[in-house]
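Each chain, written out:
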Amino acid sequence: MDFYSITIIVIFFYIFVTGFHDEGNLVATIIFSRSIDAKKAFILAAVAQFLGTAIISTNVSQTMAKDIIKYEYLFKSGSTISLLILSGLIGAMTWNFITWYFGIPSSSSHALIGGMLGPFVLEYGYNSINVQGILFRAILPLFLSPIIGFVTGYLVTFFLSEILKNQTPEANNVLKKLQYFTLFFLNAGQGSNDAQKGMGLIVILMMIKGQTHNFEVPFNIKYMAALMISLGLILGGFRMIKSVGTRIYRIKPFHSFNAQLSSLLVVSIASIIGAPISGTQLINSSILGIGAKERPTAVRWQFARGMIMAWFITIPVSFIISYLIYGLTKLL
């Protein structure tokens with residue numbers, strides 16, 4: 001088996017790991033607020049992830065293919081491109097497993113960006129980086145989305161608190177039912193974002209191999225990616241879910257609905273414009289915004305600080321790991 005085939009397989013495995021590592025965060029508030037039974041929530045989310053990945057726009061995959069590494073360095077790599085991408089993926093997954101083990105809700109999107117940069121910088125230097133593309137199409141969306149998520153969570157909580165302030169506790173039952181819809185559409189939207197990042201790498205490999213001449217993702221790639229991210233979500237453990245559902249703020253149905261709605265608004269816009277964002281960041285920042293509006297003293301800010309620190313160090317750490325991995329393969 002050649003490096004090209006191995007790299008394609010590893011990309012699909014990375015998409016599976018993304019489902020395992022990240023996508024459960026989108027279900028966490030619903031489970032821990034007891035809005036929807038855990039089994040039903042996971043099945044509905046997995047179906048939504050599959051449909052979102054297979055059907056909705058591939059704008060994010062085009063961003064990954066076109067805006068991270070400069071064209072000339074992608075195409076001058078030749079057969080080396082498989083090893084470059086493979087090293088980047090291994091670096092990103094290594095960091096993902098470290099954060100999964102310690103229950104830190106870090107971003108797979110950040111890890112992939114840092115992982116992809118390391119090998120290319122070692123091979124071609126910093127000139128290989130598409131600075132404008134990565135800044136405006138990747139880095140800024142990734143770092144701005146949690147800020148927007150925080151603000152949106154705060155505002156949604158403010159307005160819904162005013163609307164529901166005279167309602168009886170029966171309003172919680174309505175919010176629980178509405179979360180079937182927010183859960184589905186949020187996961188469909190994030191499926192059209194998260195799985196697309198790996199699909200963009202496959203497009204790069206196929207273009208260099210001469211198997212495609214544009215940035216369109218073939219149907220069979222879409223459906224395989226959809227299957228992998230859905231399986232990852234179903235098989236993922238509760239380690240990350242517990243972090244989101246219990247360690248930031250005590251979640252009730254009202255908060256869960258607000259977090260789902262806030263995240264859905266941001267995910268929808270990001271997927272339309274092709275901006276890669278992190279579902280992990282988004283749902284966590286929404287919860288922080290909700291807690292800050294309702295009861296700031298009840299927010300576990302110490303855990304939140306550690307989580308935010310993980311967001312900031314993910315790109316440089318995954319960069320270093322993939323840089324070293326690629327350097328080791330060159331020595332061998």
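Refer to the structure presented above.
Residues numbered from 1 in each chain as written. Predicted model: local features only at pLDDT ≥ 70, side-chain atom pairs only at ≥ 80, totals over all residues. Heavy atoms only, no water.

**Some words on the overall build of the chain**
Assigned secondary structure in the chain consists of 14 helices and 0 strands. For a compact globule of 332 residues, the expected C-alpha radius of gyration is about 20 Å, and the chain comes in at 20 Å, within 12% of that figure. Within the chain, the proportion of its 332 residues that are buried is 58%. A separation of at least 24 residues holds for 88% of the contacts in the chain among residues at least 6 apart in sequence. Carbon and sulfur atoms form 68% of the exposed surface of the chain, whose accessible area is close to 14000 Å². (Helix = DSSP H or I, 4+ residues; strand = E, 2+ residues; numbered from the N terminus. Rg over C-alpha atoms; globule rule 2.2 N^0.38 Å. Buried < 20%, exposed > 50% of the residue type's maximum accessible area, 1.4 Å probe, protein only. Contact = heavy atoms within 4.5 Å. Areas by Shrake-Rupley, 256 points an atom, 1.4 Å probe, with all protein chains shown as cover.)

**A short note on the layout of surface pockets**
The calculated volume of the largest pocket comes to roughly 220 Å³. What lines the largest pocket is simply Asn 172, Tyr 249, Arg 250, Lys 252, Pro 253, Phe 254, His 255, Glu 294, Arg 295, Ala 298 and Arg 300. Here the lining of the largest pocket gets 3 residues from one element, more than from any other, and that element is helix H12 (residues 253-273). Residues that form the lining of the largest pocket fall into these classes: 4 nonpolar, 2 polar and 5 charged. (1 Å grid on protein atoms, 1.4 Å probe; cavity = no way out; pocket = protein on both sides within 12 Å on 5 of 7 lines; lining within 4 Å. Points joined across faces, edges and corners; volume = space filled by probe spheres on them. Nonpolar A, V, L, I, M, F, W, Y, C, P; charged D, E, K, R; others polar.)

**As for helix H8 (residues 131-164)**
Taking 1.5 Å per residue, 34 residues should reach 50 Å; H8 reaches 47 Å between its end C-alpha atoms and fits that length. The largest bend along H8 reaches roughly 40° and is located at Leu 140, with the proline Pro 141 sitting one to four residues downstream. (Expected span 1.5 Å × (residues − 1). Bend = angle between axes of the 7 residues up to and from the residue.)

**So, the packing of aromatic side chains**
In the structure shown here, the tally under the stated rule is 6 aromatic pairs. Grouped by ring-pair contacts, the aromatic residues Tyr 73, Phe 120 and Tyr 124 constitute a single cluster. Over the face of the ring belonging to Tyr 4 we find Lys 209, whose NZ or CZ atom lies 4.7 Å from the ring centre. (Phe/Tyr/Trp six-rings, centres within 6.5 Å; stacked < 30°, edge-to-face > 60°. Lys NZ or Arg CZ within 6 Å of the ring centre and 35° of its normal.)

**Quick look at empty space enclosed by the protein**
The tally for this structure, following the rule as stated, stands at 4 cavities of 30 Å³ or more. Contributing to the lining of the largest cavity are Met 64, Ile 68, Ile 69, Leu 74, Ile 81, Ile 85, Met 116, Phe 120, Leu 201 and Ile 204. Those elements giving two or more residues to the lining of the largest cavity turn out to be helix H6 (80-101), helix H7 (108-124) and helix H9 (171-209). Looking at the lining of the largest cavity residue by residue, the class counts come to 10 nonpolar, no polar and no charged.

**A look at H9**
An α-helical turn contains 3.6 residues, so any two residues separated by three or four positions project in the same direction. Between its first and last C-alpha, H9 extends 57 Å over 39 residues, near the 57 Å set by a 1.5 Å rise per residue. A positive phi of about 80° marks Gly 210, the residue just after H9.

**Some remarks on the pattern of salt bridges**
Using the criterion set out here, one finds 2 salt bridges in the structure. Residue Glu 123 is joined to Lys 330 by a salt bridge in which the shortest nitrogen-to-oxygen separation is 3.1 Å. Residue Glu 123 is located in helix H7, and its partner Lys 330 is located in helix H14 (residues 301-331); the two are separated by 207 residues in the primary sequence. When its relative accessible area of 28% is taken as the criterion, Glu 123 is described as partly exposed. Look at Lys 330 and you get partly exposed, because its relative accessible area is 48%. For Lys 165, the salt bridge identified is with Glu 162, shortest N-O distance 3.4 Å. By relative accessible area, which is 57% here, Lys 165 ends up exposed. By relative accessible area, Glu 162 is classed as partly exposed at 41%. (Salt bridge = Lys/Arg side-chain N within 4 Å of Asp/Glu carboxyl O.)

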